Amino acid sequence: MRVTFLGTGTSTGVPVIGCTCDTCRSSDPRDTRCRPSVAVRLDDGTTVLVDASPDLRAQALRHDLDRVDLILLTHSHADHVLGLDDVRIYNFRQRGAIPCQGDARTLADVRRMFAYVFDPRTPQGGGLPQLSLCPIGGPFSFGRTVFVPVPLRHGTLPILGYRVGAFAYLTDCSEIPDSSWSQLQGLDVLVIDALRRRKHSTHFSVDEAVEAAGRIGAARTFFTHISHDLRHEETCSTLPDGVALAHDGLELTVDETTPDSALAAAAVQLAAMHE
Ligand SMILES: [Zn+2]
Ligand SMILES: [Zn+2]
Ligand SMILES: [Zn+2]
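Cut-offs applied
Residues numbered from 1 in each chain as written. Chains lettered and ligands numbered in written order. Predicted model: local features only at pLDDT ≥ 70, side-chain atom pairs only at ≥ 80, totals over all residues. Heavy atoms only, no water. Helix = DSSP H or I, 4+ residues; strand = E, 2+ residues; numbered from the N terminus. Buried < 20%, exposed > 50% of the residue type's maximum accessible area, 1.4 Å probe, protein only. Pairing = 2+ DSSP bridges. Axes fitted to C-alpha atoms, helices over the stretch in contact; angles between N-to-C directions. Contact = heavy atoms within 4.5 Å. Donors = N, O, S within 2.8 Å, 3.2 Å for Na, K, Ca; no water. Tetrahedral: all angles 85-135°; square planar, octahedral: opposite > 155°, others 65-115°. Salt bridge = Lys/Arg side-chain N within 4 Å of Asp/Glu carboxyl O.

Peer 1: Any chance you could explain unusual backbone geometry here in plain terms?
Peer 2: With the exception of glycine, the majority of residues adopt a negative phi angle, and the majority of peptide bonds are in the trans configuration. In the segment running from Val 14 into Pro 15, the intervening peptide bond is cis, with an omega of 5°. Within the chain, Asp 51 stands out as a residue other than glycine whose phi angle is a positive 75°. Relative to the assigned elements, Asp 51 resides in the loop between β3 (47-50) and α1 (56-62). You can call Asp 51 buried: its relative accessible area is 0%.

Here it is, written out as structure tokens:
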């Protein structure tokens, strides 16, 4: 499968409005960061969008995102869901609703934030995004591909990361719960939150992300949800081998087969969650 980073910035995007710091004025295109999202093009030709950022329209145009077959939401913060109205065009072209999965809290927030979409009294003239909201209860299949939700802590908020095959996407986290580590074994590519150098209450700092990446031991690790405190080139030169900042437009090829060990770990964890 092919993973495309549509956005690797924190909630403000980079450059930050009105800021004149070195990163915000940098001429290196890797220092320009849209709000965070990835597209995963599966081997069967379908496309999975992880989060719908407020920059979705521009991201889709830039990266030729010509279809979306499944939307996975990590949580309901504005930088991850405010692009949902832009999926209308995929509804028109694909002639149907798009399944949209997340945890129950996230989907409840989406219903509230986009109340007009789910209100039968809304006039249909302008077109509404058609989303089939499906809560996630554990690992699930989409076509031949298995997706494993990975519970994370974003400050005190429980949110989801996702694993598919040898790829895991863990945005917006400040803690990986004990029971989630076993779901992250045998990764080729780990994507993990690293906001800035200084500590933050709801995001990993660079040092915390390096430590987590070392414990997970993926072959390649990329940081995302990056603030303007971090310049691409300068920061990458300080990171351990195999660890780098992601950047908008970065594309990776990863094996989409999920090993049985990760599925077994997810099943154990799910049982623990329901106890
Ligand atoms: Zn975020
Ligand atoms: Zn700045
Ligand atoms: Zn968030």
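Peer 1: It is not clear to me how the sheet that holds strand β2 (residues 37-41) should be interpreted in this structure. Could you clarify?
Peer 2: If you walk across this open sheet you meet the seven strands as β6-β5-β4-β3-β2-β1-β14, and the pairing is mixed. Looking along the sheet, the strands with just one partner apiece sit at the ends: β6 (131-135) and β14 (251-253). Each strand axis lies, on average, 20° off the axis of its neighbour in the sheet, ignoring direction. Relative to β2, strand β1 (residues 2-7) is paired through five bridges, and the arrangement is antiparallel. The partner of Val 3 across the bridge, within β2, is Val 40. Strand contacts of helix α4 (residues 104-113): β5 (98-102) and β6, with the helix running at about 150° to β6, the strand carrying the most contacts.

Peer 1: Whenever I open this one, the coordination of the zinc ion (ligand 1) confuses me. Can you help?
Peer 2: By definition of the ideal shapes, four donors in a tetrahedron about a metal sit 109.5 degrees apart, and six donors in an octahedron sit 90 or 180 degrees apart. Within the protein, Asp 79 (OD), His 80 (NE2), Asp 172 (OD) and His 225 (NE2) serve as the donor atoms for the zinc ion (ligand 1), at 2.1 to 2.3 Å. Taken together, the four donor atoms coordinating the zinc ion (ligand 1) span angles of 92 to 167° at the metal, a pattern that classifies the geometry as irregular. One chain supplies every donor to the zinc ion (ligand 1), and in sequence these donors are spaced D-H-x91-D-x52-H. Between the zinc ion (ligand 1) and the zinc ion (ligand 3), a spacing of 3.4 Å is present, and a bridge between the two is formed by Asp 172. With His 80 in helix α2 (residues 78-81) and Asp 172 in the loop between β10 (167-170) and β11 (189-193), this residue pair connects regions lying 92 residues apart in the sequence. Residue class for His 80 comes out buried when judged on its relative accessible area of 0%.

Peer 1: Quick question: what am I supposed to make of the pattern of salt bridges here?
Peer 2: Here the idea is simple: oppositely charged side chains can pair when their charged atoms come close. Taken as a whole and assessed by the stated rule, the structure comprises 14 salt bridges. Across the salt bridge formed by Arg 30 and Glu 233, the nearest N and O atoms sit 3.0 Å from each other. Of this pair, Arg 30 sits in the loop between β1 and β2 while Glu 233 is found in helix α7 (residues 232-236), placing the two residues 203 residues apart along the sequence. Note on Arg 30: relative accessible area 28%, which makes it partly exposed. A network of salt bridges, in which partner residues are shared, links Arg 2, Arg 41 and Glu 251.

Peer 1: How do you make sense of the coordination of the zinc ion (ligand 2) when you look at a structure like this?
Peer 2: Looking at the metal site, the zinc ion (ligand 2) is ligated by Cys 19 (SG), Cys 21 (SG), Cys 24 (SG) and His 228 (ND1), spaced 2.0 to 2.3 Å from it. Relative to the metal, the four donor atoms surrounding the zinc ion (ligand 2) lie at angles of 105 to 114°, and the coordination shape comes out tetrahedral. Written as a sequence motif, the donor arrangement for the zinc ion (ligand 2) is C-x1-C-x2-C-x203-H. A residue pair is termed long-range when its members are at least 10 positions apart, and Cys 24 in the loop between β1 and β2 and His 228 in the loop between β12 (220-224) and α7 qualify at 204 residues. Residue His 228 is classed as partly exposed on the basis of its relative accessible area, which comes to 23%.

Peer 1: What is the right way to look at the sheet that holds strand β8 (residues 145-154) in this model?
Peer 2: The strands making up a sheet are joined through hydrogen bonds of the backbone, oriented either antiparallel or parallel. One open sheet holds the seven strands; their spatial order is β7-β8-β9-β10-β11-β12-β13, and the pairing between them is mixed. In the strand order of this sheet, the two ends are held by β7 (140-142) and β13 (243-245), each with one partner. Averaged over all pairs of adjacent strands, the angle between their axes in this sheet comes to 25°, without regard to strand direction. Both strand β9 (residues 157-164) and β10 contribute to a ladder of three bridges, which runs antiparallel. Of the residues in β10, the one forming a bridge with Tyr 162 is Tyr 169. Contacts from helix α6 (residues 206-216) reach β11 and β12, with the element oriented near 155° to β11.

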